[in-house]
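Chain by chain, the residues run as shown.
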Amino acid sequence: MARSLLLSLLVRQHLALKEKFRARYPHSWLVWEAGVWNVPETSEQNHGTTRLPTSDLRDCLPSGDAMCFELALAPGRDTLSLGRASHNAFVINDATVSREHLVLHAQPDGRWTVEALAQGGPAMLGGKLLRPGQPLPLESGMQLQLGDVRLTFHDAESFHARMGHTAALMLANQRGPQQNPA
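Residues numbered from 1 in each chain as written. Predicted model: local features only at pLDDT ≥ 70, side-chain atom pairs only at ≥ 80, totals over all residues. Heavy atoms only, no water.

Trainee: So what's going on with the overall build of the protein chain? Residues and values would help.
Mentor: Helices and strands together make up the secondary structure of the protein chain, namely 3 helices and 14 strands. Looking at the protein chain as a whole, 39% of its 182 residues qualify as buried. Across the protein chain, contacts joining residues at least 24 apart in sequence account for 51% of those joining residues at least 6 apart. Total accessible area computed for the protein chain in this model is approximately 10300 Å², and 53% of it derives from carbon and sulfur atoms. (Helix = DSSP H or I, 4+ residues; strand = E, 2+ residues; numbered from the N terminus. Buried < 20%, exposed > 50% of the residue type's maximum accessible area, 1.4 Å probe, protein only. Contact = heavy atoms within 4.5 Å. Areas by Shrake-Rupley, 256 points an atom, 1.4 Å probe, with all protein chains shown as cover.)

Here it is in structure tokens:
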């Protein structure tokens, strides 16, 4: 199974590693944006929301958390599958996602395409319906919609930029508003 990490963890690594972050995470990513998600490897009752549980947790992200899927291929492979079933590279444990929903194809030039599967439910890319057998190119910032799940595609450079921006927001929130002593 491919690697998935919380955005909050990646932001902390970005802060700690600085420019070494690029070398550690050189791949493209899919980010499961804020909403409701759960982790399939744990109990069925382990549901969570990607919004913060309280507003006073100083070491959390200011706008909530997200699940990030690294688009890294095993040797000899050029596709990654996405769906609700546990055999997929990326498991989206959401009732609105089909067991086998999409396939991501790595291109020789490092780019990615996405293809809807015939047995999968409807999927949209940038607001347009994906059709089975017709892969479409992914570009940074494009959004995939599968049922209630929204994923944002980032190439390595735009993912690094997002981490930098999110880290800056987190640091600004930790400092809080400047208060004048009374």
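Trainee: Account for the pattern of salt bridges, with residues named and values stated.
Mentor: For the coordinates displayed, the defined rule picks out 5 salt bridges. Of the charged contacts in the structure, one is a salt bridge between E19 and R22, with a shortest N-O distance of 3.1 Å. The exposed category is assigned to E19, whose relative accessible area is 54%. Across the pair R162 and E33 runs a salt bridge, and its minimum N-O distance is 2.8 Å. Within this pair, whereas R162 is found in helix 3 (residues 156-175), its partner E33 is found in the loop between strand 2 (28-32) and strand 3 (36-38), the two being separated by 129 residues in sequence. Using a relative accessible area of 11% as the deciding quantity, one classes E33 as buried. In the salt-bridge network here, residues are joined through shared partners; they are E19, R22 and E157. (Salt bridge = Lys/Arg side-chain N within 4 Å of Asp/Glu carboxyl O.)

Trainee: An account of the packing of aromatic side chains is requested, with residue identities and associated values reported.
Mentor: Enumeration according to the criterion identifies 5 aromatic pairs in this entry. By the ring-pair criterion, three or more aromatic residues cluster together here, those being F21, Y25, W29 and F159. (Phe/Tyr/Trp six-rings, centres within 6.5 Å; stacked < 30°, edge-to-face > 60°.)

Trainee: Describe the sheet that holds strand 12 (residues 136-137), listing the residues and the values that go with them.
Mentor: Judged by pairing direction, the sheet is mixed, and its 5 strands sit side by side in the order 7-6-8-9-12 without closing on themselves. Looking at which strands have only one partner, the edges of the open sheet turn out to be strand 7 (90-91) and strand 12. (Pairing = 2+ DSSP bridges.)

Trainee: A description of helix 1 (residues 7-17) should follow, citing residues and the corresponding values.
Mentor: Buried within helix 1 are the following residues: L7, S8, L10, V11, Q13 and H14. In the core, the buried residues of helix 1 are packed alongside strand 1 (4-6), helix 2 (20-24), strand 2, strand 5 (67-71) and helix 3. Remark: K18 follows helix 1 within two positions and exhibits a positive phi of approximately 55°.

Trainee: Give me the environment of R131: which residues, what numbers.
Mentor: As for its position among the elements, R131 is in the loop between strand 11 (128-129) and strand 12. The class for R131 is partly exposed, based on a relative accessible area of 48%. A C-alpha to C-alpha distance of 8.1 Å links R131 and A118, two positions 13 residues apart in sequence.

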